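Reading the structure
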Amino acid sequence: MGSNKGNVLRIETPDEKDQRIARLEAENALLRQKIDALSHRLFGKSSEQLDPDQLQLLLQGIEEPKKHQASSDETSAPEEADDAKRKKAKTKNHSRIRGLDTLETEEQIHLPAEYEANPDAYDIIGQEVTELLDYRPARCVRQIITRIKVRPKNDSSQPPILAPAPTTPLVGGLPSVNLVTDLIIGKYADHLPLYRQQGILQRSGISIPRDTLNHWTLHSLELLAPIAEAIHHETLATNYLQGDETPLPLLAPGTGKTATSYFWVFNDPTGSISYHWSKNRSATNLHNILSTNFSGDLQCDGYSAYVSFQKSSSGRISLGSCMAHIRRKFHDALKAKERHAAYIIRLIAQLYQIEERLRKQRAGPALRDAIRSSQSKPIVKRLKKIIQTLKPRHFPQSHMGKAINYALGQWSGLDAYLKDGRVELDNNLIENAIRPTKLGQKNWLFLGSERGGELAAVAFTLIENCKRYKLNLRDYLASTMKALIEQGPASASHLTPQALATHPAKAANKAAA
């Protein structure tokens, strides 16, 4: 094919033509990958689960680079028979409902109408028992509490004695502790916006303006804020944390749209979890939240703010990597028909199989460290060699190229997982803790103010720690709010879910002191 530059006709040489065709084919393949990824994001499933048969089909014809064939024999994949042994047969569960024995029980006796009309004409020869699960809808009750004031008869100079006032979250206000507890649970645990809760209350016969409900909810969360702060100090009392951040829209009055704010979440896998709200995603937030109170391993994704924080920590912080994020990049490459990605995902699956066995054994840090050294470390070493070998074969902007570059950039962070039995293979525990915030966002859509964002972090901190320590959320919030009102914020450190679950009697005595 010729080209016309400066009215001079030049004929392409065969080599130039081949180079141009190869370049266009490479660009075409990259564009197709991008279109496929966009189509999957718009219309496909978000799950990363793969059919093992489909994965095996993709693996056919894929061979590890010859340089590493010897090492592949040393750490071969688990046999199919071993996979079958791990699959437990599903047992039939005829009663999937749990908790019936703990419910309040009402018993009724129904007699036939004929027997009631003439009991002398019939003999009772037996009975049939029917069990029903009944429901009593919540209702609002107007409480009128009259406190009697008395004075000694024999000495009128003594001051009068008055029964103590009821505990209320708003001094002189109308709502009870039980009402505001349900408002908090409804919005932040059950993801019901206040306008829906307003409708529920209307069905109970009471109409309350939405801004009033919002005021009651936020003021009550301000009372509970000292406990969230105490939980944060509990969370930092370790040398291994998982960290992550997630965006939430924030109402920006006067602009006609929302701004982007963030929840920062920090998790001690064997302890508490803490939520914090901020207006941005900068590394300054990590300094403000973790400050000098934490030193040790911080497991996170590849976001640059964590790297910047680690560099400025004077050696106090070392970063751990998340294998789930590494795997996710290769999963995207697999969806783009990159066949080598299937082999890498298969090796990563072996690491997860080892972790699954350790969980089933309830292995402690020492056993996990020993098993990982003997079984996981060779797989990780092999993975790195394969990824390094594949790097020159893929364009940096292709899905596979991006996955390889991300993995190699995060590889040093896997040292913490291989050297410390407490460190998890991935950050999935903290991603699970972030999920409730996203469910809530789909219902209440955005945060209404900066104050609302800070107090939403308080609510999620309390709710998720109650779940972690298996406390009754309604009872915990109501009793804790009463204790804070009566005893002040100094009792907060003895009222955290961890304190109550670990030493309930001791915590209750200290809080009452």
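For the structure itself, consult the block above.
**What about the overall build of the protein chain?**
Per the secondary structure count, the protein chain includes 20 helices and 9 strands. Once local pairs closer than 6 in sequence are excluded, the contacts in the protein chain between residues at least 24 apart make up 65%. Surface accessibility of the protein chain: about 32,000 Å² in total, with carbon and sulfur atoms responsible for 52%.

**A word on the sheet that holds strand β9 (residues 317-320)**
Here we have 5 strands laid out as an open sheet, ordered β7-β6-β5-β8-β9, and mixed in their pairing. Of all the strands in the sheet, the pair left with one neighbour each is β7 (273-278) and β9. Sheet twist, expressed as the average angle between the axes of neighbouring strands with direction ignored, equals 30°. Against the sheet, helix α8 (residues 210-236) makes contact with β5 (240-252), β6 (257-267) and β7, and its axis sits at roughly 115° relative to β7, the strand it touches most. Sitting on the sheet, helix α16 (residues 428-444) is in contact with β5, β6 and β7, with an inclination near 10° to β5.

**Observations regarding the nonpolar core**
Y188, L224, I227, L462 and L477 are the most contacted members of the largest nonpolar core, which has 50 residues in total. Those residues within four positions of I227 in sequence are excluded, and the remaining contacts are L462, Y476, T480, L484, A492, L495 and T496. I345, V380, A416 and V423 belong to the second-largest nonpolar core, a separate cluster that totals 35 residues.

**Some thoughts on the environment of V129**
Turning to its location among the elements, V129 is positioned in the loop between α5 (113-117) and β3 (149-150). Owing to a relative accessible area of 73%, V129 belongs among the exposed residues under this scheme. Distance from V129 to Q108, taken between C-alpha atoms, is 9.9 Å for residues 21 residues apart in sequence.

**Concerning the side chain of T437**
For T437, the location among the structural elements is in helix α16. With relative accessibility at 0%, the residue T437 sits in the buried group. Aside from chain neighbours lying at most four places away, what touches T437 is T246, L248, F263, Y275, W444 and F460.

**Structural notes on helix α6 (residues 177-189)**
Compared with an ideal rise of 1.5 Å per residue, which puts 13 residues at 18 Å, α6 spans 17 Å between its outermost C-alpha atoms and is within 8% of the ideal. With 10 of its 13 residues buried, α6 lies for the most part within the structure. The set of residues buried in α6 consists of V177, V180, T181, L183, I184, I185, G186, K187, Y188 and A189. Where α6 is buried, its residues touch α7 (194-203), α8, α16, α17 (450-468) and α18 (473-487). Just beyond α6, the residue with positive phi is H191, at close to 60°.

Rules of the game
- Residues numbered from 1 in each chain as written.
- Predicted model: local features only at pLDDT ≥ 70, side-chain atom pairs only at ≥ 80, totals over all residues.
- Heavy atoms only, no water.
- Helix = DSSP H or I, 4+ residues; strand = E, 2+ residues; numbered from the N terminus.
- Contact = heavy atoms within 4.5 Å.
- Areas by Shrake-Rupley, 256 points an atom, 1.4 Å probe, with all protein chains shown as cover.
- Pairing = 2+ DSSP bridges.
- Axes fitted to C-alpha atoms, helices over the stretch in contact; angles between N-to-C directions.
- Core = buried A, V, L, I, M, F, W, Y, C linked by side-chain atoms within 4.5 Å.
- Buried < 20%, exposed > 50% of the residue type's maximum accessible area, 1.4 Å probe, protein only.
- Expected span 1.5 Å × (residues − 1).

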